[in-house]
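# Structural overview
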Amino acid sequence: MTTVQDLIDRLDAEAAQHADPETTPDIGIIMGSDSDLPTMEGAFDALTELGFAEQTDFETPPDQRFTFESYVVSAHRTPELMEAYARTAADRGVDVIIAGAGGKSADLPNMTASLAFPVPVIGVPVQEKSVDSVIGMPTGAPLVAVDAGKSFNAGLSAAQVLAREHEAIEERLVGYHEDLKGDVAEVSAALHDEGIEAFQRRQRSEE
Ligand code: RP5
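Basis of the calculations
Residues numbered from 1 in each chain as written. Predicted model: local features only at pLDDT ≥ 70, side-chain atom pairs only at ≥ 80, totals over all residues. Heavy atoms only, no water. Near = heavy atom within 4 Å. Polar contact = N/O pair within 3.5 Å; in protein donor to acceptor, adjacent residues only side chain to side chain. Areas by Shrake-Rupley, 256 points an atom, 1.4 Å probe, with all protein chains shown as cover. Nonpolar A, V, L, I, M, F, W, Y, C, P; charged D, E, K, R; others polar. Buried < 20%, exposed > 50% of the residue type's maximum accessible area, 1.4 Å probe, protein only. Helix = DSSP H or I, 4+ residues; strand = E, 2+ residues; numbered from the N terminus. Pairing = 2+ DSSP bridges.

### Section: the site of the ligand
As a structural note, the neighbourhood of the ligand is formed by G32, S33, S35, D36, R77, A101 and G102. In this structure, an oxygen atom belonging to the ligand sits 2.6 Å away from a side-chain N or O atom of S33. One nitrogen or oxygen atom from the side chain of R77 is found 2.9 Å from an oxygen atom belonging to the ligand. Bound to the protein, the ligand loses 65% of the 360 Å² it would expose on its own. Class assignment of the residues belonging to the shell around the ligand gives a composition of 1 nonpolar, 4 polar and 2 charged.

Here is the structure:
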């Protein structure tokens, strides 16, 4: 059975390796509970769409150049693990952290931001009622955040941070945006040219 201390020891050992940054996870996705996963998987979707691969073994990176990892880290149930994840993030080669938590005391994103500083943290309030506790940081303790549940945007934002250093990610983001523009143009022309009723009929028939 894996204990919290096992995980802390693992993170410390990985940090001590000072591994080649090309082999380490570029983005860390952490969440307060596995019950957050259905909401947080949007970050996985965005990063996968941009060609990132999930790294499940620190020693054996995937073939893809850009990667992310995921852990459950609870601010309240496992504060020591939260501290260790944030403290070791930079040495483990993690360049951006996406942190999501729910409930009214959604402290994982904000505490991780303070502990991992200056590694940027993108907070995801898992529920509407979590928004204030995620974004309410005091002056000097920054955190960027997306709206409740918008983990897909958190994935895109994390990629944007990395894109300032990696042209390949910038190109993928530009391509993604071009596809979005194309989709809007297509639907706009269809709505206009078919008319509202026919457009709705066709949409219903395609459902
Ligand atoms: C928060 O408490 C977690 O982020 C989750 O959103 C919420 C409930 O957690 P579980 O009781 O489902 O594990 O810390």
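After that view, the rundown keeps rolling.
### A closer look at the pairing of strand β1 (residues 27–31)
Burial of β1 is extensive: 5 of the 5 residues sit out of reach of the surface. Where burial is concerned, the two faces of β1 agree: the one with I27, I29 and M31 and the one with G28 and I30 are both buried. As defined by bridge partners, β1 adjoins strand β4 (residues 96–101) across 5 bridges and the pair is classed as parallel. Bridging from a neighbouring strand, I30 pairs with A99 of β4.

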